[in-house]
Amino acid sequence: KLSESTLKRIYGLVKTKDHPSKFTLNTLSIYCGFNDFQDFGDSFNQNNISNIKWDQLKDNSRIVSGYTLESIKQNSGIGFQNTLKRKSVFNQVSELYHSNNIATAVIAEGGTGKSISLAQVADEFWLGENPKYSNDIVWFISGSNLRGMFSKQFELETWFLEMFGLVKNSDIRKYLDQNPQERKGKLILILDAVDEIVIKTDELDEIFRKLIEFISSSATNNWIKVILSTRSHTWERFIEISKDYNGIAKLFYGVNFNNLTDDVSNLPVLEVSEVKTIIKNYQRESKDLKIELNNITPNLWRILSHPYYLQLYLQGYFEEKNEINNSYDLLSSFLKYRVYKGRYGFEKNEIFQAIIQNTSIGSKSVSVKRKEIESILNRYHRAYKELLSFGILKEQSVLNKFKVYVNYISFGHDHLFEFLIAKYWLEQNNGFNFTVLLKVTKFYDGNEKRLDILKQIISYGLETGEYKELVRIFDLKLEEYELNALSHLMGMHIRTSTEAQ
């Protein structure tokens, strides 16, 4: 019997300097159908592909895949059973499965539910009790689990060979093409969270090259499918590497390889109807969870369409018994848990301040040329990489009037940029009062961002009970549509607050 900690060391989930004991190797070999580890090694040295047993490979793959699936289920922020199946991901994988394409990728910023979506697909298509495709060999592997292996000079090529039951100097794809009677289904590789395999750029580039070579060499084997998930910033790096390989884009389904003019992400944010369904699912599980959907403002709905913000919102209710009725509190929680409590909190804040200052506090533009803040980005390189990786910031190449591409940096979410600007004004003014509203109204005169910044500031004023100051809102020189929008925002708050009334 092997302990859980031993298995974790074998799969690279726990770091160790020691090699597995002979007992451990023999036990694992017996479990895989061999007499002992010597017998296991001999079977690979015989170079006899015809000994491959499809059902045995399928059973072995389910052990590893099941571990990954269960890990994602357990780490789902709002409970896996409460999550919503994303039709776009199911359609994307299904289309790949029935096409002549070899690979696809689910691409989006961090916290958008890529891993959960792939887990839902894997559960329904291959790993559940009554899977849709029961004869396939499926390897569902998380990049975070592979990181430990790469720290030990792990070789991707060798891993591919062993994973698919190959031996060196042999080709299972050729064998199964020539002997279709041995093939009972498809070979599926699902590699989730590619970003988390390694941190160093050169190591990640090498992983991408190995993946591209594997996909390219499988071009004529449409029964081999590769499914990746990665963040948008990392996929842009994949695109750059792929330019060294002709025709690789044609082997992918549902993926954009043009990162200069288009957004590469292909996992859309949630629809409001989907957000409502998830909240209702959550409420059914937690009977004491009271969320009045009618009290949620349009601005808050817009933010909750991002799965990570929705997770924070629901956890605020369930874990902290803290009702969140406005976007200011929700975005404060986001910065607390995703930015400042993590690594490089100070450095990330410094980068935020540099962007805000170089956009003239949002009055000049919503983005800044990279070269304008190059020094601080170089000083806090790792912090910047993390902000890009999670999609908090994004960097884009824009063609200027001289037909030269210039790199611009902006916030991944407009509402986060607006929130930080509002926070800046509140800090400069030592809190909320009518004066800060006057300053903002005048400073952003004619700017389309004015209304959204005022919404954030007024949300703060409502939350802190500054009602005497808020009464004067109609003294502001605002457009009629702006006053209507702000009246609606305050009205939603007044409905639930006796003090505000």
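Residues numbered from 1 in each chain as written. Predicted model: local features only at pLDDT ≥ 70, side-chain atom pairs only at ≥ 80, totals over all residues. Heavy atoms only, no water.

Asker: Give a description of the overall build of the protein that names residues and reports values.
Answerer: The number of helices and strands found in the protein is 23 helices and 7 strands. Per-residue burial for the protein yields a buried fraction of 50% across its 501 residues. Relative to all contacts within the protein whose residues are 6 or more apart in sequence, the contacts with residues 24 or more apart total 71%. Surface exposure of the protein reaches about 25,200 Å², of which carbon and sulfur atoms provide 47%. (Helix = DSSP H or I, 4+ residues; strand = E, 2+ residues; numbered from the N terminus. Buried < 20%, exposed > 50% of the residue type's maximum accessible area, 1.4 Å probe, protein only. Contact = heavy atoms within 4.5 Å. Areas by Shrake-Rupley, 256 points an atom, 1.4 Å probe, with all protein chains shown as cover.)

Asker: Just give me the short version of the nonpolar core, but keep the residues and values in it.
Answerer: Counting residues in each nonpolar core, the largest one holds 77 residues, and the members touching the most others are Ile279, Tyr313, Leu393, Leu416 and Ile457. For this core, the leading source of residues is helix α19 (residues 414-428), giving 9 residues. If near-sequence neighbours (up to four positions away) are discounted, Tyr313 is found in contact with Ile279, Ile291, Ile296, Leu300, Leu304, Ile324 and Leu330. Ile107, Phe238, Phe252 and Val264 belong to the second-largest nonpolar core, a separate cluster that totals 38 residues. (Core = buried A, V, L, I, M, F, W, Y, C linked by side-chain atoms within 4.5 Å.)

Asker: Please give an account of the side chain of Ser65 that cites residues and values.
Answerer: As for its position among the elements, Ser65 is in helix α4 (residues 54-74). In terms of polar contacts, Ser65 uses its side chain to reach the backbone carbonyl oxygen of Val138, at 2.6 Å. In this structure the side chain of Ser65 is engaged in a polar contact, spanning 2.8 Å, whose partner is the backbone nitrogen of Phe140. Leaving out residues up to four positions away in the same chain, Ser65 has contacts with Leu127, Val138, Trp139 and Phe140. (Polar contact = N/O pair within 3.5 Å; in protein donor to acceptor, adjacent residues only side chain to side chain.)

Asker: Break down the pairing of strand β4 (residues 224-230) for me, citing the residues and quoting the values.
Answerer: Within β4, 7 of the 7 residues are buried, which leaves it mostly tucked inside the rest of the structure. Strand direction decides the pairing type here: strand β3 (residues 187-192) and β4, joined by 5 bridges, are parallel. Residue pairing across strands places Ile188 opposite Lys225, the latter belonging to β4. (Pairing = 2+ DSSP bridges.)

Asker: Requested: an account of the sheet that holds strand β2 (residues 137-142), with residues and values cited.
Answerer: Across a sheet, strands are paired by hydrogen bonds formed along the backbone, either parallel or antiparallel in direction. Taking strand neighbours across the sheet as the criterion, the 4 strands line up as β1-β4-β3-β2 in an open arrangement whose pairing is parallel. With one partner strand each, in any of the chains shown, β1 (103-107) and β2 form the two edges of the open sheet. Neighbour to neighbour, the strand axes of the sheet diverge by 10° on average, direction disregarded. Sheet topology places β1 next to β4; 5 bridges connect them, and they run parallel. Paired with Ala105 across the two strands is Leu228, which belongs to β4. Each of β1, β3 and β4 touches helix α5 (residues 87-97); the most contacted strand, β1, lies at about 170° to it. Against the sheet, helix α11 (residues 232-242) touches β1 and β4, its axis set at about 130° to β4. (Axes fitted to C-alpha atoms, helices over the stretch in contact; angles between N-to-C directions.)

Asker: How would you explain unusual backbone geometry if you had to name every residue and give the values?
Answerer: Excluding glycine, residues mostly have negative phi values, and the peptide bonds linking residues are mostly trans. Unusually for a residue other than glycine, Tyr344 sits at a positive phi of about 60°. For Tyr344, the position within the fold is in the loop between α15 (327-340) and α16 (345-358). Looking at Tyr344, the relative accessible area reads 23%, which means it is partly exposed. One non-glycine residue, Ser360, lies in the positive phi region at around 55°. With a relative accessible area of 29%, Ser360 lands in the partly exposed category.

Asker: Give a detailed account of the pattern of salt bridges, specifying residues and quantitative values.
Answerer: Counted under the stated rule, the structure contains 15 salt bridges. Notably, a salt bridge pairs Glu240 with Lys243, separated by 3.1 Å at the nearest N-O pair. Among the ionic contacts, a cluster of salt bridges with common partners joins Arg302, Glu418 and Lys449. (Salt bridge = Lys/Arg side-chain N within 4 Å of Asp/Glu carboxyl O.)

Asker: Can you tell me about the pairing of β1, naming the residues and giving the values?
Answerer: Counting buried residues along β1, 5 of its 5 residues qualify, which places the element largely inside the surrounding structure. Burial along β1 is two-sided: the residues Ala103, Ala105 and Ile107 and Thr104 and Val106 are all buried.

Asker: Could you give an account of the packing of aromatic side chains, naming the residues involved and the relevant values?
Answerer: Two measures describe an aromatic ring pair: the distance that separates the ring centres and the angle between the ring planes. In total, this model carries 22 aromatic pairs according to the counting rule given. Pairing Trp126 with Tyr133 gives two aromatic rings, centres 6.4 Å apart and planes at 40°, and the pair type is tilted. According to the relative accessible area criterion, Trp126 is buried, its value standing at 2%. The exposure class of Tyr133 is buried, given its relative accessible area of 12%. Aromatic rings pair up to connect Phe90, Tyr97, Phe125, Trp126 and Tyr133 into one cluster. The ring of Tyr97 is capped by Lys186, whose NZ or CZ atom sits 4.9 Å from the centre of that ring. (Phe/Tyr/Trp six-rings, centres within 6.5 Å; stacked < 30°, edge-to-face > 60°. Lys NZ or Arg CZ within 6 Å of the ring centre and 35° of its normal.)

Asker: Provide a residue-level description of the confidence of the model for the protein, including the pertinent values.
Answerer: Here the protein shows a mean pLDDT of 83. Residues at 70 or above account for 84%. Per-element confidence in the protein is highest for α5, whose mean pLDDT is 96, and lowest for helix α8 (residues 156-163), whose mean pLDDT is 56. (pLDDT = per-residue confidence, 0-100.)

Asker: Can you tell me about helix α6 (residues 114-127), naming the residues and giving the values?
Answerer: An α-helical turn contains 3.6 residues, so any two residues separated by three or four positions project in the same direction. Burial within α6 is extensive, with 10 of its 14 residues counted as buried. Within α6, the full set of buried residues consists of Lys114, Ser117, Leu118, Ala119, Gln120, Val121, Ala122, Phe125, Trp126 and Leu127. Against α4, α5, β1, β2, β3 and β4 lie the buried residues of α6.

Asker: An account of the environment of Leu25 is needed here, citing residue identities and associated values.
Answerer: Positionally, Leu25 belongs in helix α2 (residues 22-31). On the basis of relative accessible area, Leu25 is assigned to the partly exposed category, the value being 23%. Between the alpha carbons of Leu25 and Asp36 there is a distance of 7.7 Å; along the sequence they are 11 residues apart. Setting aside its immediate chain neighbours within four residues, Leu25 contacts Pro20 and Phe37.

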